[in-house]
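Overview (structure and organization)
Given next are the chains, with one letter for each unit.
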Amino acid sequence: MPYPFVLPTTSSFSFSSCFSCESHPSLPLNASTRRGVVREDLKAFKRTPREHQAAKLPNVVSSLTAYLPYLFAIDAGLSQRAVNGEEIAVILKIAPAIEWRPTLSDTAAVTVPGKEPARVKVHSLEYEVFFALSCLANAHTLQARIALHPLYVLSTAPVGTQQRQVAVSAATKSLLDAASIYNYLALRAEGLTSGYGMAPPCADISPAALRAQCSLAMAEATLLAVLKDDPYPAVVAQDRNRNDTEWMYKAPDIPKVRAHLFARLCLAASEHAAQAYSLCAGLGRAGGGGKVNESFLKYLDNLRRTSRAKACRFFGIDSELGGQTGTAIAWLNAGLQELGVERNPSDTGGKKSGGLGRLKEKWTEKREDKKVERGLDWGADAGRLEETRVYEMLWEKWSKQNDTIMTQVVPPSGPLLQQMPMGREIHTLKPFQPPQLDPPTLEAMRAPPDRSDDAALYPSSDEDDTMIGTPIGAFPGTQGDCRTGTPNYY
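How each quantity is defined
- Each chain carries its own residue numbering, running from 1 in the written order of its sequence.
- With the structure being a predicted model, the display of local features is reserved for residues of pLDDT at least 70 and the display and counting of side-chain atom pairs for 80 or more, all residues being used for whole-chain, interface and lining totals.
- Only heavy atoms go into the side-chain values, all of them from the structure, while hydrogens and water stay out.
- Under the scheme used here, helices are H or I runs from DSSP no shorter than 4 residues and strands are E runs no shorter than 2 residues, and both carry numbers assigned from the N terminus.
- For the exposure calls, accessible area comes from a 1.4 Å probe over protein chains only, and a residue counts as buried if that area is under 20% of its type's maximum, exposed if over 50%, partly exposed in between.
- Throughout, a contact is declared for two residues whenever any of their heavy atoms are within 4.5 Å.
- Calculation of accessible area relied on Shrake-Rupley with a 1.4 Å probe; when residues are assessed, cover is drawn exclusively from the protein chains displayed.
- For a helix, the expected span equals 1.5 Å multiplied by the number of residues minus one.
- Note on aromatic contacts: the rings of Phe and Tyr and the six-membered ring of Trp form a pair at centre separations within 6.5 Å, being stacked when their planes are under 30 degrees apart, edge-to-face when over 60 apart, and tilted otherwise.
- When a carboxyl oxygen of Asp or Glu lies within 4 Å of a side-chain nitrogen of Lys or Arg, that pair is called a salt bridge.
- A fitted line through C-alpha atoms represents every axis, and for helices the fit uses only the stretch in contact; the resulting angles, taken between N-to-C directions, go from 0 to 180 degrees.
- Working rule for angles: under 35 degrees goes down as roughly parallel, over 145 as roughly antiparallel, 65 to 115 as roughly perpendicular, anything else as oblique.
- Throughout, a crossing is termed right-handed when the near helix is turned clockwise from the far one, and left-handed when it is turned anticlockwise from it by less than a right angle.
- In this classification, Asp, Glu, Lys and Arg are treated as charged, Ala, Val, Leu, Ile, Met, Phe, Trp, Tyr, Cys and Pro as nonpolar, and every other residue, Gly included, as polar.
- Polar contacts, as counted here, are pairs of nitrogen or oxygen atoms within 3.5 Å of one another; within protein the pair requires one atom able to donate a hydrogen and one able to accept it, and residues that are adjacent in sequence qualify only if both atoms are side-chain atoms.
- Definition used in this section: a nonpolar core is a set of buried Ala, Val, Leu, Ile, Met, Phe, Trp, Tyr and Cys residues joined via side-chain atoms within 4.5 Å.

Structural notes on the overall build of the protein chain
Of regular secondary structure, the protein chain possesses 15 helices and six strands. Counting across all 490 residues of the protein chain, residues that qualify as buried make up 48%. Within the protein chain, contacts between residues at least 6 apart in sequence are counted, and of these 82% link residues at least 24 apart. In the structure as shown, the protein chain presents an accessible area of about 23,500 Å², 54% of it carried by carbon and sulfur atoms.

Here it is in structure tokens:
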């Protein structure tokens, strides 16, 4: 369900060529070394097939976590701030020139298949901090996707209740960590824009996009609080799983849920998603960094609609528990409108729509199931298809019940939508604390560097790993004439 972010890549950079540190001479060299590891891990992660990237993600997170204390130490030295009680004197020799490849900007949506999007060059250490931290936040979101992936796989037996809660808890922690980082970056970016008038180089690190990603992470974490105790998606997935054998001896358990509370939580998630959508949609009109791509905007809109549909479903469940089946069906009608699913009011749920519409629906479901099995961009519709399946199950059950037992009148859904309450928050956003170097590490960097900083001599992140060498069969000393000069892109 969390958004399938694409991690950016970056060029090589030598801190020693742009910064010098009189108090800790080895600091620029150590920062370059740590950054080189980050660059290599990002490059390896990008070149790995999507279905196998989960194994590479912990390396990216660990290398970024190890690099950030050195980056913040240089940033503190430029701002004349102490790190763990020690003063760091960093001097800027020349303006840095660092390249990062954006992944959310509209410029990333290239029209030529196979062509890489253009990279942006930043000349400030502030934007290096922004790209590194946003990359870490995106990696935390991808970790949440990996934790939730077993809940949607149909090729194995369904996970138990305890495993489901453990996976949801781990994903929630990752999303809250990402939200804290996005909130820190948004506050810092807003200070740069208002205080210094600095325009962001791309939409990925603009204040509006960072604030939108914070709202997105909070919305997804709020929905996970509902998913943790929501039995209906698990029942639908269990019914579609061919490896499930529990149906042979018992019916699926559907315990009573705190429907009204869950509905308000879903409304809070919808409000977060709506805020994120409005911030990103206004980037193109406001200027200053461009706009984000259409796929991200579509995901935000789908998440808002799906969250409101979930709220309608829980209001319907609350009405059905109270014996008001007609009102419950009206809530289902309202939720289907939010999802954009058209249904004939005369349908009772016992008949499926036929023709090309049903064929297209089956093809869409099979394509999504294949994405889940292969670990690709599953859930790119923000859970809209999964919620539609739950609606189909409840529609069939409640319609038969109302036609045979209750025979209640189904009221219009418009007045019900106008009576929806405000959302309720469940998570508190904790402030992000920038990591700092410990005193022993700072003391060790008072020694002069033991080698030269040659990080800038390596090729860029999208070029081949090898340096210029002698081609096979070429005469020694003629490698410059044999090389084509065209880098290899992946």
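After that view of the structure, there is still more to cover.
As for helix α1 (residues 27-47)
Taking 1.5 Å per residue as the helical rise, α1 with its 21 residues ought to reach 30 Å, and the 31 Å between its terminal C-alpha atoms agrees with that figure. Turning to α1, its buried residues number three or more, namely Leu 27, Pro 28, Leu 29, Ala 31, Ser 32, Arg 35, Val 38, Arg 39, Asp 41, Leu 42, Lys 43 and Phe 45. Buried-residue contacts for α1 involve β1 (19-21), α2 (57-78), β4 (90-92), β5 (98-100) and α3 (125-148).

Re the packing of aromatic side chains
Under the definition given, this model contains 13 aromatic pairs. Judged by centre distance (4.9 Å) and plane angle (75°), the ring pair of Tyr 3 and Phe 5 falls under edge-to-face. When sorted by exposure, Tyr 3 lands in the same class as Phe 5, which is buried. Between Phe 15 and Tyr 67, the ring centres sit 6.5 Å apart and the planes meet at 50°, which makes this aromatic pair tilted. Within this pair, whereas Phe 15 is found in the segment before β1, its partner Tyr 67 is found in helix α2, the two being separated by 52 residues in sequence.

Notes on the environment of Ala 328
Following the sequence through the fold, Ala 328 ends up in helix α10 (residues 325-339). Judged by its relative accessible area of 0%, Ala 328 is buried. Between the alpha carbons of Ala 328 and Arg 313 there is a distance of 8.2 Å; along the sequence they are 15 residues apart. Those residues in contact with Ala 328 that lie beyond four places of it in its chain are Gly 316, Ser 319, Glu 320 and Trp 398.

Details of the pattern of salt bridges
Inspection of every chain in the model, using the stated rule, returns 20 salt bridges. Residue Glu 99 pairs with Arg 119 through a salt bridge whose shortest N-O separation is 3.1 Å. Of this pair, Glu 99 sits in strand β5 while Arg 119 sits in the loop between β5 and β6 (120-122), placing them 20 residues apart in sequence. Look at Arg 119 and you get partly exposed, because its relative accessible area is 26%. Across the pair Asp 301 and Arg 305 runs a salt bridge whose closest N-O atoms are separated by 3.3 Å. Here the residue Asp 301 and the residue Arg 305 both occupy positions in helix α9 (residues 294-321), the gap between them amounting to four residues, near one helical turn. Through salt bridges with shared partners, a single ionic network connects Asp 75, Arg 81, Glu 126 and Arg 188.

Quick look at unusual backbone geometry
The bulk of non-glycine residues show a negative phi, and the bulk of peptide bonds are trans. With a phi close to 55°, Asn 84 is a non-glycine residue in the positive phi region. If you check the backbone angles, Ala 382 has positive phi at about 65° while not being a glycine. Residue placement: Ala 382 occurs in the loop between α11 (355-374) and α12 (384-406).

Examining the packing of α1 against α2
Contact pair α1 / α2: the axes reach a minimum separation of 9 Å and the direction vectors enclose 155°. Between α1 and α2, the angle is such that the two are roughly antiparallel. Viewed along their axes, α1 and α2 form a crossing whose handedness is left-handed. Residue-level contacts link Leu 27, Asn 30, Ala 31, Arg 34, Arg 35, Val 37, Val 38, Asp 41, Leu 42 and Phe 45 of α1 to Leu 57, Asn 59, Val 60, Ser 63, Leu 64, Ala 66, Tyr 67, Tyr 70, Ala 73 and Ile 74 of α2. Residues belonging to the contact of α1 with α2 are distributed by class as follows: 14 nonpolar, three polar and three charged.

Structural notes on the side chain of Thr 10
Within the secondary structure layout, Thr 10 lies in the segment before β1. Note on Thr 10: relative accessible area 1%, which makes it buried. There is a polar contact of 2.6 Å between the side chain of Thr 10 and the side chain of Arg 35. For Thr 10, the side chain forms a polar contact with the main-chain oxygen of Glu 99, separated by 2.9 Å.

Overview of the packing of α2 against α3
Look at α2 against α3: their axes get within 10 Å of each other, and the N-to-C directions meet at 155°. Judged on the interaxial angle alone, α3 and α2 are roughly antiparallel. Seen from above, α2 lies across α3 with left-handed handedness. Of the residues assigned to the contact of α2 with α3, the class counts are 18 nonpolar, three polar and three charged.

Looking at the nonpolar core
Of all hydrophobic cores here, the largest spans 125 residues; its most connected members are Phe 15, Leu 27, Leu 133 and Phe 296. Take this core: its biggest share by element is 14 residues, from α3. Those residues in contact with Leu 133 that lie beyond four places of it in its chain are Leu 68, Phe 72, Ile 181, Tyr 184, Leu 185 and Phe 432.

Some thoughts on helix α5 (residues 207-227)
With 21 residues, α5 ought to run about 30 Å at 1.5 Å a step, and its terminal C-alpha atoms sit 30 Å apart, in line with that. Extensive coverage of α5 is indicated by the burial of 20 of its 21 residues.

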